[in-house]
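Architecture at a glance
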Amino acid sequence: MSIDSQSIVRSVDGDRLQADIETNASFGSIPVDKGEGRTVLTGTPANRAAREYLIERMTDAGLEIRIDPVGNIAGRYDPTTSQSSRAPVATGSHLDSVPEGGIFDGVLGVYGALEAVRALQDAEIDLERPVEVVCFTEEEGGRFADGVLGSSVACRKRSVESALALKDEDGTTLEDALTAIDASGTDQIDARSWDSWLELHVEQGERLESAGKAAGIVTAITGTVRCSIEITGEANHSGSTAMNDRTDALAAASELVLTVEATSEELVEHTSESLVGTVGSLSLSPNAVNVVPGTVTLGLDVRDVQTETIETVIDRVRTTLDRLEAERGVETEFERPYNIDPIEMDDRCQNALSAAAAAGDIDTLKLHSGAGHDTMHVGTVTDAGMIFAPSRDGISHSPREWTDWSDATATTRVLTGGIARLAGGLSE
């Protein structure tokens, strides 16, 4: 391991990282019986406190702060040795949470990125490119849109105007919510201008823990298709309607749910181990114990690293709906409003992270991400990579979410070494 690599490993301060994450955990803190939870929705007082603390810590580190109209934050480290006109290496994640979420999801990526910059500063590593620490708005989709909102704007997949016009359940727009906490700016944050992007995140699964590895190098992020399905039969009295006179929407929906399960299991066994298919929401009307269900609405979520297998599940669902109409006399409607393609992580970024882990004697595992992240947008406009930190028992989006501080520090060291290599600070 070279002198420079040793300097980076020594310079990552796990105590400093832990202090930042624990301070952030106090914003939106909620009482729980076990673990440590927080609720930080975009545009709330807790979100304001989290953002203000981040900006304060970025300023303390000498970063130049920029905030765009949807509240994305970027702090630029531009050492005198770098060529300022060259495209920067960017890194970060998000600070918003799901309702009653944990303290690491997104936060480790933001403060791991900041700690990486501080470590590079402390080690006095010469860089050829600037580094930007980024915090995206509304990654979780807890209040506006379906998630990954800020990164979609930074990647020019959604306009600023359409994003600001989004409304929550109470009719408040994103623009009004950001204005209320003084969180919107006028600067431009354009992911297309970055040389590369790295995101550190908790795994939200058990693969690293099971393998006894301290860090995961992500190879791909699954694509996601979400569909809304409505099945309409005929509501009628449960006591006086004979079994052969019924058009039961729930019975038809049950067949569809089992089709999704059977098709997914078949594809996992024969085609793609990473495929998952889920009917995660179900509502029926009139929803009374003595009434044959008249209408059922289902929410379907299908994910995989292969587009073909996702489409196989969707095709089987549509074929099943046609059959249910013919055999059971129901009417069906099918909508597909949410489509995210699978994306592979860039070889250059994976190699930089793998080299950093090897230099720090940190054991890694290559694996795919089954959850969506801001990287799935950023990776379509620049070279991108991800590092996973182990999640105890695979739990996330819960106060019981936990990543050991030693693992948080180790993965931050991998991130730091990866940034140094991509920014021209290390040649080995």
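Conventions and cut-offs
- Residues numbered from 1 in each chain as written.
- Predicted model: local features only at pLDDT ≥ 70, side-chain atom pairs only at ≥ 80, totals over all residues.
- Heavy atoms only, no water.
- Helix = DSSP H or I, 4+ residues; strand = E, 2+ residues; numbered from the N terminus.
- Buried < 20%, exposed > 50% of the residue type's maximum accessible area, 1.4 Å probe, protein only.
- Lys, Arg positive; Asp, Glu negative; His and termini not counted.
- Salt bridge = Lys/Arg side-chain N within 4 Å of Asp/Glu carboxyl O.
- Contact = heavy atoms within 4.5 Å.
- 1 Å grid on protein atoms, 1.4 Å probe; cavity = no way out; pocket = protein on both sides within 12 Å on 5 of 7 lines; lining within 4 Å.
- Points joined across faces, edges and corners; volume = space filled by probe spheres on them.
- Nonpolar A, V, L, I, M, F, W, Y, C, P; charged D, E, K, R; others polar.
- Core = buried A, V, L, I, M, F, W, Y, C linked by side-chain atoms within 4.5 Å.
- Phe/Tyr/Trp six-rings, centres within 6.5 Å; stacked < 30°, edge-to-face > 60°.
- Pairing = 2+ DSSP bridges.
- Axes fitted to C-alpha atoms, helices over the stretch in contact; angles between N-to-C directions.
- Expected span 1.5 Å × (residues − 1).
- Polar contact = N/O pair within 3.5 Å; in protein donor to acceptor, adjacent residues only side chain to side chain.
- Parallel < 35°, antiparallel > 145°, perpendicular 65-115°, else oblique.
- Right-handed = clockwise from strand over helix to strand, strands pointing away.

A few words now on the side chain of Arg-51. Note on placement: Arg-51 falls in helix H3 (residues 45-60). Buried within the structure, Arg-51 lacks any salt-bridge partner; Asp-68 is the closest side chain of opposite charge, at an N-O distance of 7.0 Å. Arg-51 has contacts with Ile-67, Gly-71, Ile-73, Thr-137, Ile-181 and Ala-183, leaving out every residue within four places of it along the chain.

Once rolled over the atoms, a probe with the size of a water molecule shows which space is left empty. Inspection of every chain in the model, using the stated rule, returns 2 cavities of 30 Å³ or more. For the lining of the largest cavity, the elements supplying multiple residues, two or more each, are helix H1 (3-11), helix H11 (347-359) and helix H13 (405-422). Considering every element that reaches the lining of the largest cavity, the biggest residue donor is H13, with 4 residues. Class assignment of the residues belonging to the lining of the largest cavity gives a composition of 8 nonpolar, 3 polar and 2 charged.

With that out of the way, let us pick up the nonpolar core. In terms of nonpolar packing, the biggest core is built from 57 residues, with Tyr-111 and Val-414 touching the most fellow members. A per-element tally of this core places helix H4 (residues 107-123) first, with 10 residues. Leaving out residues up to four positions away in the same chain, Val-414 has contacts with Ala-215, Ile-217, Leu-353, Ala-356, Ala-357, Ile-362 and Ile-387. Ala-252, Val-260, Val-302 and Val-313 belong to the second-largest nonpolar core, a separate cluster that totals 23 residues.

A complete count under the given rule lists 8 aromatic pairs for this structure. The interplanar angle of 90° and the centroid separation of 5.1 Å between the aromatic rings of Phe-104 and Trp-402 together place this pair among those described as edge-to-face. Here Trp-402 lies in the loop between strand S17 (383-389) and H13 and Phe-104 lies in the loop between strand S5 (89-94) and H4, a separation of 298 residues in the sequence. The class of Phe-104 is buried, set by a relative accessible area of 0%. The interplanar angle of 15° and the centroid separation of 5.5 Å between the aromatic rings of Trp-194 and Trp-197 together place this pair among those described as stacked. Residues Trp-194 and Trp-197 agree in their burial class; the two are buried.

Pairing is antiparallel in the open sheet, where 4 strands are placed in the order S11-S13-S9-S14. The two strands at the open ends of the sheet, each matched to only one other strand, are strand S11 (276-285) and strand S14 (331-340). The mean inter-strand angle of the sheet, taken between neighbouring strand axes irrespective of direction, is 15°. With 10 bridges joining them, strand S9 (residues 223-232) and strand S13 (residues 295-304) adopt antiparallel strand pairing.

Counted at 1.5 Å a residue, the expected span for H11 with its 13 residues is 18 Å, and the 18 Å between its end C-alpha atoms agrees. Those residues of H11 that sit buried are Cys-349, Gln-350, Ala-352, Leu-353, Ala-356, Ala-357 and Ala-359. At the N-terminal end of H11, a side-chain oxygen is found 2.9 Å from the backbone nitrogen of Arg-348, two or three residues along, and the residue is Asp-346. Backbone geometry just downstream of H11 places Asp-361 in the positive-phi region, at approximately 55°.

Moving on, we get to the environment of Leu-300. Position of Leu-300 relative to the elements: it lies in strand S13. When the C-alpha positions of Leu-300 and Arg-156 are compared, they lie 27 Å apart, and in sequence the two are 144 residues distant.

Next up on the list: unusual backbone geometry. Generally, phi is negative for residues other than glycine and the peptide bonds are trans, each holding for most cases. Here the residue pair Ser-285 and Pro-286 is connected by a cis peptide bond, since its omega of 5° sits within 30 degrees of zero. Phi at Arg-156 takes a positive value of approximately 65°, unusual for a residue other than glycine. Its place among the elements puts Arg-156 in the loop between helix H5 (149-154) and helix H6 (160-164). Unusually for a residue other than glycine, His-397 sits at a positive phi of about 55°.

Quantified by volume, the largest pocket comes out at close to 660 Å³. For the largest pocket, the lining is made up of 28 residues, of which Arg-226, Arg-303, Ala-371, Gly-372 and His-397 are closest to its centre. Listed by contribution, the elements that provide at least two residues to the lining of the largest pocket are S9 and strand S16 (364-369). A per-class count over the lining of the largest pocket returns 6 nonpolar, 14 polar and 8 charged. By volume, the second largest pocket is sized at about 300 Å³. Forming the walls of the second largest pocket are 18 residues, and the residues nearest its centre are Val-148, Tyr-338, Asn-339, Ile-340 and His-377. Sort the elements by how many residues they give to the lining of the second largest pocket and S14 lands first, with 4 residues.

What follows is about the side chain of Arg-38. With respect to the helices and strands, the residue Arg-38 is situated in strand S2 (residues 37-38). A polar atom in the side chain of Arg-38 sits 2.7 Å from the backbone oxygen of Gly-102. A polar contact is formed between the side chain of Arg-38 and the backbone oxygen of Asp-105, at a distance of 3.3 Å.

Right, let's get into the packing of H3 against H4. Relative orientation of the contacting elements H3 and H4 amounts to 10°, with a least axis distance of 11 Å. The angle between H3 and H4 places the two elements in the roughly parallel class. Note on element contacts: H4 touches H3 through Val-110, Tyr-111, Leu-114 and Arg-118, opposite Ala-50, Tyr-53, Leu-54, Arg-57 and Met-58.

Our next topic: the pairing of S5. Judged by how many residues are buried, S5 sits mostly within the fold: 6 of 6 residues are covered. In terms of strand pairing, S5 meets strand S6 (residues 131-136) through 6 bridges, oriented parallel. Considered in S6, the bridge of His-94 is made with Phe-136. In the classification by handedness, the crossover that spans S5, the intervening H4 and the parallel S6 is right-handed. The pairing of S5 with strand S7 (residues 196-202) spans 3 bridges and is parallel. From the neighbouring strand, Val-89 faces S7, where its bridge partner is Ser-196.

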